[in-house]
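# Per-entry structural report
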Amino acid sequence: MRKILQIVRNDLRLFFLSRENLISLLFVPVVMTLVVGIFSGNAASESPEMLVDVIDRDGSPLSAQLLEALREANSSLILCPLDNDTAGRCELDGAGEIGPEQARGRLEERVTEAAIVIPPGFETGVRSFEPVQVTLYTLEDIGVPEAAEQALNAALQRVNGAAAAARTGAALVSQNGLLPDEDSRSAFAKQVYDRASQIWAEEPVTVNFEYAGDPPSGGPDLQSGLGQSVPGMGAMFVMFTVFGGMTALAEERAQWTLQRLATAPLSRAQLLGGKILARFVLGALQFMVVFAVGIAAGIQLGRDPLALVLVAFAYTLSITALSFALGTWIKNEAQAGGFSLLLSLVLAPLGGAWWPLEIVPRAMQIVGHISPVAWAMDAFNALIFNQARLPDVVLPIAVLLGITAVAFAWAIARFRYEG
Amino acid sequence: MKKLWTIAWKELYVRFTDRNLMLIMIATPLALSTIMGLAFGGLGGGSSPVTRIPVLVVNHDAGSEFGVNYGDIFLSILVPGTDGAAAAGELPACSLDGGTKTGTESDQFSLQELTAAQAFGAEQAEALVREGSIPAPAADPGSAAYVDSAARSAVERGLYAAAIIIPEDFSRQLSFSPASPDTGRTQVTVYADPGRPISAGIIGSIARGITNQIATGNIAIAATLGELQASLGGPAMGQAAANIDFASAFACAFDPGSSTISIDRQMVRRAQQENRAALVLVVVGSAQAMFFAMFTAQFGVLNMHWERRGWTLQRMLISPTPRSIIMGGKLVGVFISVVSQLVVLLLALTLVGSLLQGRFILIWGDQPLLILIAILAASLAVSGFGMLLAGLVKSPEQASVFTSALNIGLAALGGSFGFTLPKAISQLSMVYWGRTTFEMLAVGNSDIWVNVLVLVLQGAVMYAIGLLLFNRRFENV
Amino acid sequence: METMVEIKDLTKTFKRPDGTPIQAVKGISLDIYKGEIFSLLGPNGAGKTTTISMISGLIEPTAGDAKIGGYSIREQPIKAKQLMGVIPQEVALYPQLTARQNLEFFGKMYGLWGKELNRRVDEVLELIGLTDRQKDRVQTYSGGMKRRVNIGVGLLHRPALVYMDEPTVGIDPQSRRRILDTVLQLRDEYGMTVLYTTHLMEEAQELSDRVGIIDHGDIIALGTQGELIQQVGEQDRLILNVGRQPVSAELLKELQDHIEGVTHAMYDPPGSGENSHSDRGLITVTATRGRRALPEILHRIAEAGLEVQSVEVREPDLEAVFLNLTGRALRD
């Protein structure tokens, strides 16, 4: 055991002797976790700024009312050019008006997420119960068009509400002959419209949207963003760090220190154990760094810290085992570098480290579970967002440990001292 | 000049015969783009990747004094065939002449495609508790608090993406009563799973939509009856009311299909609607291509540090070849490597896109000349960045870690990782400029000159600074 | 004499990339006695390093076994390894660490700890003459200094048996001298057993108590130097320098077949193999009682139109033994 610990100590010393490793262990993961967490959290919930161009060809009180309703329906929508401010958040580059061509260009360049065109005669159309079409232009993007469309839908319902009231009211009185002449009937319709508008303004019914669980100190946006990015980026950077072990092993083989160790009175188990433990410690350290970022940002990590640690432990172990299993194929440092980049960058998004798997098609969710990352993310999500406890995440932990067992068995059987 | 091409050719040869480099240059970006294309583009299209969101609807509504239960109606919209809805009597069909039925069917279809809703009551709550999926709520079994708490737990536990809770006074508050002509206030609550913010957000919008529709009908009733009462007076009103079939009179106000306003949703380009998967490939593929082109350029330029270590650089320098030719040859070699890599990736992604779409399509647009210009500009920027780094770092070991870290950062900023940052931040990364250039071409927009200019300028400036620093560092090799 | 290493039927078969097997070591058996310097002499690629790798536990033998101080390297590898110090051909050190850190780390791997470790490290640093530079990173050392640390690591735990795999390859004459002296010192002062591999006849000749000659994975001769040379008999080697003049195969055949006493004739053109002289072509003739055959040899060469610039007569040595056994020069 003493010798194993010495090997671990030596490997850690070698790792930290290259100061560049600190960049990849600390700086980049911390920055990435924060950036991804903050921005994806915003994009996913409803508060980021989402620019929407509005071309109001009607310019009527009703169209203004529609826009107001739109803002209410989704507070993250910034309607351009109306909501432009001195900071120029509409990114208009000086233009005061937006024409159809410009709106299209802005969409294509992804300045805006959507463009809404209110047709001329909108108000008259609505009031006279004529069919009116509001056009919504979008680019395909993840989740955004749905958000814009739902908001527009809700706003239109509001605007339509008063018109619908006036319309049904007018129909009622005329069908039942309650009011004698056309003039009084249309006056009645107008009064109903105004009264309905007034009732709408009082907001008789509201929808209260709240996230389940304990309110996190960092706010719900940060919670959902970092709740995904902390384990996600953690899982990815653990791969970078641990797969780096393949490079280190190839390097030791090239400089013959591995062979020298093999001729020392060490058992194979001691030598491999030391090497594996060293990488595992680095991977665990990597997770700790990223989780520390999450804790510092004030996100809730769930109710069962022990389970969280166990998942991180099982995941890191599985990645360590995988890297040693793959290491048996690796012939030199360049190959190790190429493989670790390929693997980390493929397994991470596949397993939902970059975005939650909820947003990908079912088939991709299933395929994604060939990546250990997916199992870890399932468990982390359950623990962080869904108040799960250890018994709830036994399956993912078991799968990760299974991967570990198979990969280690392979690695130990196939390991060669010489390349 | 011949020597320059010899050196450039050697660089190219070394690069493209190295299987490990090909892994990074071609295989990784291709694999990543395909994964992202499949994740976001769907196989062969399909409207939204988010479908069948599991949602609970808890209906506490006790109904109005007239026996109408809007909570049941709410439920029946989300959960077709619910018993409660039938018992409460569905609203009669709207039969207004002016009503255009646009969109009704598609709305219904998309609602059912989007959600997998389930009515949730005391029975279901107890079942969940029994099977141990959720902890037993503190409240009395069967009470509203019990069901609420169970629904909340089920969402917290991630069993459902959201729970919609319709309050007991929902119908009462919304219903117009001649005694109190003003409507009261009521609130529908949506509990959302923070682990599935996107699905939950969609459920929030749907709940708002249905609530608004029900409110629309009731407000129509309230406004009309209120106005009738005001203009006809109480007794006349009461007499009139006795003869009116209110239910069918206001049916249209409850029917979303009767709205005369509809949304016409259009993609910016026709092509987009047809080739969704291909378009996603363009977006992610161009970002990945830029990301990995940075690696290629850096391997190339930084290789000079290794060559110095292995003395092949010195060997070249002591040959009767001017320094400028050696540097020139290497840089030309690196530049052509990057160009070739981009060309190969663009072609390969065209194939992947065509496979996903099931027919051959030019996913990068149909302007080969402009595409070539975009490739050249992007290659210049990327290899300029490599040159700058080569000038900045001291040793190849330092370089490899440092550059990977920088590349990942720039790629994340520029949108290679599947999320979009605010444009002002994105623009710091050349990945953004390269990516958007290719995107514009893909949707048929040929006005790429600002992007090209930015790329070329970036490249030129970085080349200049890099060369200066590099020469200084290598003066005494 | 007590046996330190007992090698029995040691075999190693590798697979070529195309799957065909290649026998690198073909079932060799030999004993190395306690306190002797044993040289394994053979050309590059003869199987020296593979043999050492097997008996140091680095690679698994395909068949056969080796006992180190009575412990089988296959059955009791840890005990066997504890007895030996291995000095690999490569500089097997962590370049980022200092000499002292390297020594300390590997010392611990051999079970040295605490004060004992410190004392040994100091001793070894003294022995390899790097006490002043012990705190510098190995990557800053010259090639010769790295080699010395490389040797030092192998001696740290005072092994009863030391393997040295071509320790003088690519090293300047001064450092080489130092290393050879160290080897002798190990035997004479510390009583260690040394297994020394080399492809240089001179080194084997200077150091060894006994020599094993290995070729194509087989031990082809084994014994003390005297015993081996006796196998060759009275064979002298005549080395004739013919400068840059071309030498025909017919001439060599003529020398070999038609002069009494000549057993073998060969030619090294200028700059070939170990013949680093770019202006000396060497004809090597092996002959019983070589001096007597010399006039006839010179005559035949002159007849072929060549002018001999110098002649050297060598008494029988290991080189001659190898030549005699394989018909090739050791340096090929």
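Residues numbered from 1 in each chain as written. Chains lettered and ligands numbered in written order. Predicted model: local features only at pLDDT ≥ 70, side-chain atom pairs only at ≥ 80, totals over all residues. Heavy atoms only, no water.

### Here's the deal with the overall build of chain C
Broken down by element type, chain C carries 11 helices and 14 strands. Overall size of chain C, expressed as C-alpha extent along the three principal axes, is 75 × 45 × 45 Å. Looking at the 332 residues of chain C, the share that counts as buried comes to 53%. Here the contacts in chain C between residues at least 6 apart in sequence split such that 69% fall between residues at least 24 apart. If you sum the accessible surface of chain C, you get close to 14500 Å²; carbon and sulfur atoms cover 46% of it. Charged side chains in chain C number 39 positive and 47 negative. The centres of these two groups are separated by 7 Å. (Helix = DSSP H or I, 4+ residues; strand = E, 2+ residues; numbered from the N terminus. Buried < 20%, exposed > 50% of the residue type's maximum accessible area, 1.4 Å probe, protein only. Contact = heavy atoms within 4.5 Å. Areas by Shrake-Rupley, 256 points an atom, 1.4 Å probe, with all protein chains shown as cover. Lys, Arg positive; Asp, Glu negative; His and termini not counted. Charge placed at Lys NZ, Arg CZ, Asp CG, Glu CD.)

### Some thoughts on the domain arrangement of chain A
Each assigned domain of chain A is listed here: domain 1 (2–43 + 215–414) and domain 2 (50–201). Here the C-alpha centre of domain 2 of chain A lies 50 Å away from the C-alpha centre of domain 1 of chain A. (Domains from an automatic or database assignment.)

### Some points on a nonpolar patch on the surface
Residue and element names in this part refer to chain A. On the surface, a nonpolar cluster with roughly 420 Å² of combined accessible area is contributed by Phe16, Leu22, Leu26, Phe27 and Val31. By residue number, the principal contributor to the nonpolar patch is helix α2 (residues 20–44), which donates four residues. Turning to its location among the elements, Leu22 is positioned in helix α2. The exposure class assigned to Leu22 is partly exposed, which follows from its relative accessible area of 31%. (Patch = residues over 30% accessible without salt bridge, like charges linked within 9 Å, V, L, I, M, F, W, Y side chains within 5 Å. Salt bridge = Lys/Arg side-chain N within 4 Å of Asp/Glu carboxyl O.)

### A short note on the packing of aromatic side chains
All names here are of chain B. Within the structure shown, the criterion is met by 20 aromatic pairs over all chains. With centroids separated by 4.6 Å and ring planes inclined at 50°, the aromatic side chains of Phe291 and Phe292 adopt a geometry described as tilted. Across the pair, Phe292 and Phe291 agree in class, each one buried. Considering the side-chain rings of Tyr432 and Trp433, the 5.3 Å spacing of their centres and the 90° angle between planes classify their relative orientation as edge-to-face. One exposure class covers both Tyr432 and Trp433, and it is buried. (Phe/Tyr/Trp six-rings, centres within 6.5 Å; stacked < 30°, edge-to-face > 60°.)

### Observations concerning helix α11 (residues 318–326) of chain C
Residue and element names in this part refer to chain C. Of the positions making up α11, those classed as buried are Leu318, Glu319, Ala320, Val321, Phe322 and Leu323. The N-terminus of α11 is capped by Asp317, whose side-chain oxygen sits 3.2 Å from the backbone nitrogen of Glu319. Of the residues one or two after α11, Gly327 is the one with positive phi, at around 75°. (Polar contact = N/O pair within 3.5 Å; in protein donor to acceptor, adjacent residues only side chain to side chain.)

### Describing the pattern of salt bridges
All names here are of chain A. By the definition in use, this model includes 33 salt bridges over all chains. The partner of Asp11 in a salt bridge is Lys275, and the shortest N-O contact between them spans 3.0 Å. Taken together, the residues Asp11 in helix α1 (residues 2–17) and Lys275 in helix α10 (residues 268–296) connect sequence positions 264 residues apart. Considered together, Asp11 and Lys275 belong to a single accessibility category, that of buried residues.

### Examining the environment of A:Met239
Inspection of the secondary structure puts A:Met239 in helix α8 (residues 220–254). For the pair A:Met239 and A:Pro204, spaced 35 residues apart in the sequence, the C-alpha separation amounts to 53 Å.

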